[in-house]
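Okay, here's what each chain looks like letter by letter:
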Amino acid sequence: MRDYTCFIVDDEDLIIQRLELFFNELSHRDKRFVLVGKANNGLNGIEEILKLKPDIVISDIVMPRMDGISMIEQLKTELPHTQYVLLTAYSSFEYAQRAIQANVLEYIVKVPLREADLDRALNKAAGILNELKKKEAEFQSLNVSVLENKYRVRKQFFNELIRGEIPSHRASDFANRMQFHFFQASYCCFIVEMNTYGSFRNEYSAADQNILKYAMTNIIEETVMNGGSGVAADLSDHRFIGFLSWENNRSDMETEYACQSLGGQIVSYLHQYLNQRVSVAFGGPHRGWESIKQAYTEANHVSDDFYYHTEKVVKTPMHRFQYHNDKKADFQQKLTEFLMYVKRKISKEDLEKALADLNQFVTDHKIHKSIMVPMIRDLYRDITVKFKSGNKLYTEAAEFPMEFMAFQEQLAYIGDFTFEYVHAGQLLHRAEIMSAMHFIENNLKQRLTLEAIAEEVNLAPSYFSSLFKKTMNEGVISYINRKKIQLALELLNARDYSLLELCEEVGIVNEGYFCKLFKEHTGDTPKQYRIKMTRYESK
């Protein structure tokens, strides 16, 4: 049951006092209606009502400076859903006619002013406001459903398109229906890839992942549209596809600048608004539906370079890595030597030096991802086999979450779990988890990230994420959110905080997200929780 805020406008002090007494008595039998303000003429009424935005306005008609109906006519444009009740001591046809034209809810004679008339008017207003709220919710739900379906259709369309499953004439028909007119002009394809997708998948529920990816698609597309024309769509688990189009001929340098600029904005906005780290890869310029698959293939090849970057980079065909695939045998030999070197009592420092040597070789002689990934997977498997005997912490190689990792992440993960394996039974990482929990507790008012906590305890983010979940049976982000809501409850038990104050105190920027978390953990909104606490305290 929702509350309805009410406002009084009348030039007679006795009527205002009478109405204030009415609302005071009403609060004991019907807590829905709350008086939030009053004014003694139409001009002051407009000023205060626009500030407070009440649900229901009760106003006299005849007042100095501005009459009640003129005030309502001006307010209607700004507050179309507010319900207006008129009080009058005059039974003039002119006033009644103007009130009808202004779509006034009720027309009450105030001499004598009967409580039954006010009760009826307020309940009627509440009914109308409930219907409006219901219709608005249905409309928003419909809009969300339409948008979700649109993005779902787009995802299927682009996936089929880049696999070559849709002929160009069918693609053109679909594009016309979706109002994609830019493919006949010059365009390039780009791929947006999430840098920490393994952690993202570990920390968020499937429903929250979908919401965040939907929001990411929106931001990418809006960024493209701000720079010209184009489209974006969710492509796969950790990837989005987009197209940037331009009408006029551009030189290679102009195209390069446009791609770097757009890519930089996408990286910046997704980090700023959703705290998601991404990289962007562009293919070369193309024209026409027939080139879509080739345009995607080029962007996909450029995105292979992400494997040797950490995060938040923009790559174009002009800035590709040179690969030294002929060094595969040399690197394989280094991996063999590393495996032989690792012993059960190796120190953390020696292990890090050995891994740094591998990393330096790859920095000097990059080997393409398609060749490197199987070698790293084999290294992981060989280490687990080497220390399997008598090791309670043994993990099957299939659990190595390397699919969405960059090279340095894979190496750091291998280093962390190797150190845990060679010192099995000593529970060394319990200290790291305890340190992480202590760090979280001391920084709850800050905007904590998985990466910052992992850095604090000197572990690779991906490994720290999986280790925390294995140890605590709860993801890092879930743990942080639970602790933040516990802090919010402690604060609300102490005194009444506004929603904004609570968000600031617990380090959550988005008020809507905070309310969602609060309700998930308590079953109530912050306001409902505080009302319950107040009732409990008064008993």
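Values in this document were obtained by computation on a predicted structure and should not be read as measured data.

Novice: Just to check I follow, could you spell out the nonpolar core for this structure?
Specialist: Across soluble globular proteins, nonpolar side chains have a tendency to be buried as a group. Counting residues in hydrophobic clusters, the biggest one holds 67 residues, and the most contacted among them are Phe331, Met372 and Phe464. For phenylalanine 331, the contacting residues outside a window of four places in its chain are Leu358, Phe361, Val362, Ile367, Met372, Met375 and Phe407.

Novice: Honestly, the pairing of strand S1 (residues 4-9) in this entry has me stumped. Any pointers?
Specialist: Two faces, one strand: in a regular strand the side chains alternate between the faces of the sheet. A large share of S1 lies buried, amounting to 5 of its 6 residues. Of the strand pairs in this sheet, S1 and strand S2 (residues 33-39) are connected by 6 bridges, and their pairing is parallel. Among the inter-strand pairings, cysteine 6 is bridged to a residue of S2, identified as leucine 35. Crossover handedness for the path S1 to helix H1 (residues 13-29) to S2: right-handed.

Novice: Honestly, the environment of leucine 161 in this entry has me stumped. Any pointers?
Specialist: With respect to the secondary-structure elements, leucine 161 resides in helix H5 (residues 115-162). Once the C-alpha coordinates of leucine 161 and lysine 293 are considered, the two residues, 132 residues apart in sequence, prove to be 6.9 Å apart. Sequence-distant contacts of leucine 161, that is, excluding residues within four places in its chain, are made with Ile166, Ala171, Trp289, Ile292 and Lys293.

Novice: Would you mind showing me how to read the environment of phenylalanine 417 here?
Specialist: Here phenylalanine 417 is to be found in helix H14 (residues 407-422). The sequence separation of phenylalanine 417 and isoleucine 383 amounts to 34 residues, and the corresponding C-alpha distance is 9.6 Å. Discounting residues that sit within four places of it in the chain, phenylalanine 417 has contacts with Tyr380, Ile383, Thr384 and Tyr463.

Novice: Can you help me understand a nonpolar patch on the surface in this one?
Specialist: On the surface, Val34, Val36 and Leu52 cluster together into a nonpolar patch covering about 200 Å² of accessible area. For valine 34, the position within the fold is in strand S2. The class for valine 34 is partly exposed, based on a relative accessible area of 34%.

Novice: Please explain the pattern of salt bridges as it appears in this structure.
Specialist: One side chain can pair with another of opposite charge once the charged atoms of both are near each other. Scanning all chains against the criterion turns up 23 salt bridges. Aspartate 305 is the salt-bridge partner of arginine 320, the closest N and O atoms lying 3.0 Å from each other. Here the residue arginine 320 occupies a position in the loop between strand S11 (314-315) and helix H11 (328-341), and aspartate 305 occupies one in the loop between helix H10 (292-303) and S11, the gap between them amounting to 15 residues. Among the salt bridges present, the one from aspartate 357 reaches lysine 334, with a minimum N-O distance of 3.2 Å. One end of the pair, aspartate 357, is in helix H12 (residues 348-364); the other, lysine 334, is in helix H11, and 23 residues separate them in sequence. By relative accessible area, which is 41% here, aspartate 357 ends up partly exposed. The structure contains a network of salt bridges with shared partners spanning Arg114, Asp117 and Arg120.

Novice: I would appreciate a short explanation of the packing of aromatic side chains in the present structure.
Specialist: Two aromatic rings are characterised by how far apart their centres lie and by the angle between their planes. Tallied over the full model, the rule gives 18 aromatic pairs. Aromatic pair tyrosine 187 and phenylalanine 243: ring centres 5.9 Å apart, planes at 70°, arrangement edge-to-face. Highlighted residues: tyrosine 187 in strand S6 (residues 186-194) and phenylalanine 243 in strand S8 (residues 239-246), separated in sequence by 56 residues. Overall, the relative accessible area of 0% leaves tyrosine 187 in the buried class. Ring geometry for tyrosine 307 versus phenylalanine 407: centroids 6.0 Å apart, planes at 65°, classification edge-to-face. Of this pair, tyrosine 307 sits in the loop between H10 and S11 while phenylalanine 407 sits in helix H14; the two residues are 100 residues apart in sequence, bridging distant segments of the chain. Joined through ring pairs, the aromatic side chains of Tyr307, Tyr308, Phe321, Tyr323 and Phe407 make up one cluster. If you follow lysine 366 out to its NZ or CZ, it ends over the ring of tyrosine 308, 5.9 Å from the centre.

Novice: I would appreciate a short explanation of the sheet that holds strand S4 (residues 83-88) in the present structure.
Specialist: Hydrogen bonding along the main chain pairs the strands of a sheet, whether they run parallel or antiparallel. Strands sit in the order S2-S1-S3-S4-S5 across an open sheet of 5 strands; the sheet is parallel. Edge strands, defined here as strands with exactly one partner in the open sheet, are S2 and strand S5 (106-109). Each strand axis lies, on average, 20° off the axis of its neighbour in the sheet, ignoring direction. As paired strands, S1 and strand S3 (residues 56-60) are joined by 4 bridges and run parallel to one another. When the sheet's bridge partners are listed, phenylalanine 7 is paired in S3 with valine 57. Its contacts with the sheet put H1 on S1, S2, S3 and S4, and the angle it makes with S2 is roughly 165°. Its contacts with the sheet put helix H2 (residues 42-52) on S1, S2 and S3, and the angle it makes with S1 is roughly 165°.

Novice: Before we go on, may I ask you to explain the packing of helix H19 (residues 499-506) against helix H20 (residues 511-522) in this structure?
Specialist: Working note: a packed helix pair is described by the angle between its axes plus the distance between those axes. Two elements in contact, H19 and H20, have axes separated by 10 Å at closest approach and are oriented at 85°. Relative to H20, the element H19 lies roughly perpendicular. Between H19 and H20, the contacting residues are Leu499, Leu500, Leu502, Cys503 and Val506 on the first element and Glu511, Phe514 and Cys515 on the second. A class-by-class count of the residues in the contact of H19 with H20 yields 7 nonpolar, no polar and 1 charged.

Novice: Whenever I open this one, unusual backbone geometry confuses me. Can you help?
Specialist: Both trends apply: most residues other than glycine have a negative phi, and most peptide bonds are in trans. With a phi close to 55°, asparagine 275 is a non-glycine residue in the positive phi region. Within the secondary structure, asparagine 275 is located in the loop between helix H9 (252-274) and strand S9 (278-282). A residue is classified by how much of its surface remains accessible, and asparagine 275, at 23% relative accessible area, is partly exposed. Here asparagine 458, not a glycine, exhibits a phi torsion of approximately 60°, which is positive. Note that asparagine 458 resides in the loop between helix H16 (450-456) and helix H17 (461-472).

Novice: Where do I start with the pairing of S4 in this structure?
Specialist: For S4, the buried fraction is high: 6 of the 6 residues fall into the buried class. Both S3 and S4 contribute to a ladder of 5 bridges, which runs parallel. Its bridge partner lying in S4, serine 59 is registered against leucine 86. Summarising the sheet, S4 and S5 pair through 4 bridges and their orientation is parallel. Residue threonine 88 lies in a different strand from S5, and its bridge partner there is valine 109.

Cut-off values and rules
Residues numbered from 1 in each chain as written. Predicted model: local features only at pLDDT ≥ 70, side-chain atom pairs only at ≥ 80, totals over all residues. Heavy atoms only, no water. Core = buried A, V, L, I, M, F, W, Y, C linked by side-chain atoms within 4.5 Å. Buried < 20%, exposed > 50% of the residue type's maximum accessible area, 1.4 Å probe, protein only. Contact = heavy atoms within 4.5 Å. Helix = DSSP H or I, 4+ residues; strand = E, 2+ residues; numbered from the N terminus. Pairing = 2+ DSSP bridges. Right-handed = clockwise from strand over helix to strand, strands pointing away. Patch = residues over 30% accessible without salt bridge, like charges linked within 9 Å, V, L, I, M, F, W, Y side chains within 5 Å. Areas by Shrake-Rupley, 256 points an atom, 1.4 Å probe, with all protein chains shown as cover. Salt bridge = Lys/Arg side-chain N within 4 Å of Asp/Glu carboxyl O. Phe/Tyr/Trp six-rings, centres within 6.5 Å; stacked < 30°, edge-to-face > 60°. Lys NZ or Arg CZ within 6 Å of the ring centre and 35° of its normal. Axes fitted to C-alpha atoms, helices over the stretch in contact; angles between N-to-C directions. Parallel < 35°, antiparallel > 145°, perpendicular 65-115°, else oblique. Nonpolar A, V, L, I, M, F, W, Y, C, P; charged D, E, K, R; others polar.

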